[in-house]
Amino acid sequence: MTAVSERPGVQVGAPAAAGGPLTGTGTLIKFILRRDRIRIPAWILVITFSLLSVARGLQQAYATAADRQARVEVMDSPVGRAVGGPGIGLDDYTIGAMLSNEFLSFIAIFVALMSVLLFVRHTRAEEETGRAELVRAAVVGRYAVTTAALVVVTVTNLVLGLLVALALASTGEESITVQGSLMYGASLASIGLVFTGIVAVCAQITEYGRSANGIAGALIAVVFVVRAVGDMGGNFLSWLSPIGWAQATRPYVDDRWWPLLVSALVTAVLVAAAFVLSTRRDVGAGLVPPRPGPRQASPLLGTPVGLALRMHRASLLWWGLGLFALGAAYGAFTGEVETFLQDNETFRDIFLQTEGTSFINSWLSSITSPLLAVASFYPVLAIQRMRAEETVGRVEPLLATGLSRARWLGSQVLVVLAGGVIMAVACGLGVGLTSALSAGDGSLMADGLVAALAYLPATWFVVGVAVALLGILPRALGAVWLVVVYGLFMEMTGGLIELPGWVTDLSPFEHIPALPATEFNALPLVLLTVISAGLIALGFVGMRKRDLESN
Amino acid sequence: MRYPQRSPQNGSVNNAIDVVGLVKTFGQTRALDGLNLQVKAGEVHGFLGPNGAGKSTTIRVLLGLLRADAGQVRLLDGDPWSDAVALHRRLAYVPGDVSLWPNLTGGEAIDLLARLRGGLDPAKRETLCERFDLDPSKKGRTYSKGNRQKVALVAALASDVELLILDEPTAGLDPLMEAVFQDCIREVKEAGRTVLLSSHILGQVEKLCDKVSIIRQGVVVESGVLSQMRHLRRTTIEAEVERPVTGLSELAGVHDAHTENSLVRFSVDGEHMDKVIAWLAPHGVRSLISQPPALEELFLRHYGDELATGSDGQRVASGDAGAAR
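Residues numbered from 1 in each chain as written. Chains lettered and ligands numbered in written order. Predicted model: local features only at pLDDT ≥ 70, side-chain atom pairs only at ≥ 80, totals over all residues. Heavy atoms only, no water.

This part covers the pattern of salt bridges. In this structure the tally under the stated criterion is 31 salt bridges over all chains. Taking the shortest distance from any N to any O, the salt bridge between Arg227 of chain A and Asp231 of chain A comes out at 2.6 Å. With a gap of four residues between them, Arg227 of chain A and Asp231 of chain A both fall in helix α10 (residues 209-233), about one helical turn apart. Note on Arg227 of chain A: relative accessible area 0%, which makes it buried. Residue classification places Asp231 of chain A among the buried positions, given a relative accessible area of 3%. The partner of Asp111 of chain B in a salt bridge is Arg125 of chain B, and the shortest N-O contact between them spans 2.8 Å. Taken together, the positions of Asp111 of chain B in helix α3 (residues 106-117) and Arg125 of chain B in helix α4 (residues 122-131) put the pair 14 residues apart, joining distant regions of the chain. (Salt bridge = Lys/Arg side-chain N within 4 Å of Asp/Glu carboxyl O. Helix = DSSP H or I, 4+ residues; strand = E, 2+ residues; numbered from the N terminus. Buried < 20%, exposed > 50% of the residue type's maximum accessible area, 1.4 Å probe, protein only.)

As structure tokens, this is what we get:
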């Protein structure tokens, strides 16, 4: 690869007297910290404060023993085990036990995501741009780049764990002990570290940073689902998931250290594998060699929509398959949930707050909403990709042809909007298909699909925010993550802790009627669609007026 | 290769590119500071300047990718910002740093760009791929810098357009491919098309361009026909004489005179040449080497920071140029 980047060269410092495979690691670590001096603290603080606000919320919502006992009924059900955890400390369900049982697995997703994104950003993504060549050509050892990224991500996880421990211990809640808080922080960090090992291996196998992110992201979903399925059935599957290992420490209840050894061992094996693999390939290349392709473009590719389809088709396929699988994994328990509910009257009264609906409907809508919040990550990634195409200079030659900005943006947005529909259909089909099969009721197929499709206006709202930012404030495009992460947070915790109306109302997903549990109400759907259309129009106006930015 | 002959548009007096007083700022930086640029229809116009002088910014404004802050910009008798799409059908652009889609092959990228512009001649595409020795079946990610540039060049040259805007198009090409490129540009010129060629390679500009504009710090500092620019510059003379020459440095138009035994070396302004030769002749000239001013000198004169410091600095600049050769 001879991609020569015109970015400022990296100062790799004075050469060491003797060059080992780790030469330059220290300088590279400083360089990474300099580049991410905002990103890393932001991740740590956002995760810590989210957890702290959850703890505070629980303290307020479950002040009395009676309240807490009522919650045990929910969490002891298959539903509770699927969205929460294996049922830690249900005998004496304290606030600490709640944090352990219900929120460790959930926060773990974000810690894993942080580790994956940070690692890829400083390894594979750098190789892709060609900047890594500048660095590797300097006095830098063979393992230095990987080691520096590993050190930074590891330390980030440890600092996060420590801060989480301090923050939780500071709540003054009786059940939240200092020892348990340390255990909680260590458990969260252990998940981040296992995923650092996983992504380190992924980054060696694939050629693109996006693929490494994609594979590792899919694995996060897989380990979450494996844990959910294991916890629901109370079986060995939980022990196949790193999140299951972290939960096995049972912070605030048993405070067991030994499950962390499993995480540490697996991390060590993965990291060693990544180092071995990294020496078996060339800089910039993956382990899978490229193949020649067609000499001429198919007729479709010559159109802007054809190009957009070609750009997005791989991620459309993988996201669609992933969401279908995720939906199918949850839907598979519909039959079991139904059986459980028939046997348990106490739980039925608590769970069934809305009159005139069935348990199955409540269950369907409660698993659909977080899935669709995850599905809205797709349009965000797709629109960030459009921005990346612009800054890397691939939009410039396109707009220097007879292609107008409006048509370029229009075809891309069209494909992203259609992609949103595909994601909703994939989720709905997944949930509906396995629900219908497990419960032996064919009508659940349509119910699952309708429940998922109802969330489309919320997805479009996310597209609207992203397109508006792309057109008006392209440098702030990343801010759209606030909308989707906030939405996911609300969909996953909203039912579990009581929050003021305005706090939940900030999430677009909250305004979607939870079909089939609640009645269909077209007004919020129409309003969200209109607002989304307005935001997209704003983005088009901004795009027409602004300079094209390329490096 | 034959291109369909083009007659100049709208009666030949119009400039293909006409920029007056163009200003473009990025935050605090004033990238273009009242730039003027005129390119006649049918000419190959060299656009020279050091890194960061504003060449690519000018080209991006001409393509309607950036919006001008002030000044008038006309391109093929249209406004590059508001008439972008209509104008782009009549031009082809090759960026200096070509980034290809990693998952598209070179051939797909060529077809994509050309079709969005309004189609291409498949036979010409095939010939150009052969001439540039380009394998269009490789994925964008696997091409070297030079090969990525070839992809963009084939896409541009295979299109039937009036104007080619080329931003340092051959920076990654080897000398053989550079020669192929020059042949292609000559054919384009014979067919009556206009070319704006931003370049660093002086030999390329000398061989191809009718006119040259030199840009420095966002302003065009000199523009004109190459031969006329050279006329303003000095010729370097090296002579072997039988008898020592005296009083040479007092003559009008003579600079940097050095005498070493029987060898005399100096540079002289074009308009004083005859008097100086007449002065030399009686001293018994055995041999005379005359070096015409090369573009390097023009370059150094405008690129060097001594531009602002006056005639003293100019002498330093031409001295450097001599040393460089």
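Attention now goes to the sheet that holds strand β2 (residues 29-40) of chain B. Residues and elements named next belong to chain B. Across the sheet, three strands lie side by side as β2-β1-β4; this open sheet has antiparallel pairing. At either end of the open sheet lies a strand with only one pairing partner, and these are β2 and β4 (70-75). The sheet shows a mean angle of 15 degrees between the axes of neighbouring strands, direction not considered. Pairing of strand β1 (residues 15-26) with β4, which is carried by five bridges, proceeds in the antiparallel orientation. Among the inter-strand pairings, Asp18 is bridged to a residue of β4, identified as Arg74. Here helix α1 (residues 55-62) sits on the sheet in contact with β1, β2 and β4, set at roughly 65 degrees to β2. (Pairing = 2+ DSSP bridges. Axes fitted to C-alpha atoms, helices over the stretch in contact; angles between N-to-C directions. Contact = heavy atoms within 4.5 Å.)

Okay, the interface of chain A and chain B next. Taken together, the contacts link 45 residues of chain A with 43 residues of chain B. Taking both sides of the interface into account, the surface hidden between chain A and chain B amounts to around 3,900 Å²; carbon and sulfur atoms contribute 52%. When the area that chain A buries against chain B is broken down by residue, the three leading residues are Arg295, Arg394 and Glu396 of chain A, summing to 16%. Counting the contacts that link chain A with chain B gives five salt bridges. Arg295 of chain A serves as the salt-bridge partner of Asp135 of chain B, at 4.0 Å between the closest nitrogen and oxygen. Counting the contacts that link chain A with chain B gives 22 residue pairs in polar contact (both at pLDDT 80 or more). A class-by-class count of the residues in the side of chain A that touches chain B yields 20 nonpolar, 11 polar and 14 charged. (Buried area = accessible area lost by both parts, 1.4 Å probe. Polar contact = N/O pair within 3.5 Å; in protein donor to acceptor, adjacent residues only side chain to side chain. Nonpolar A, V, L, I, M, F, W, Y, C, P; charged D, E, K, R; others polar.)

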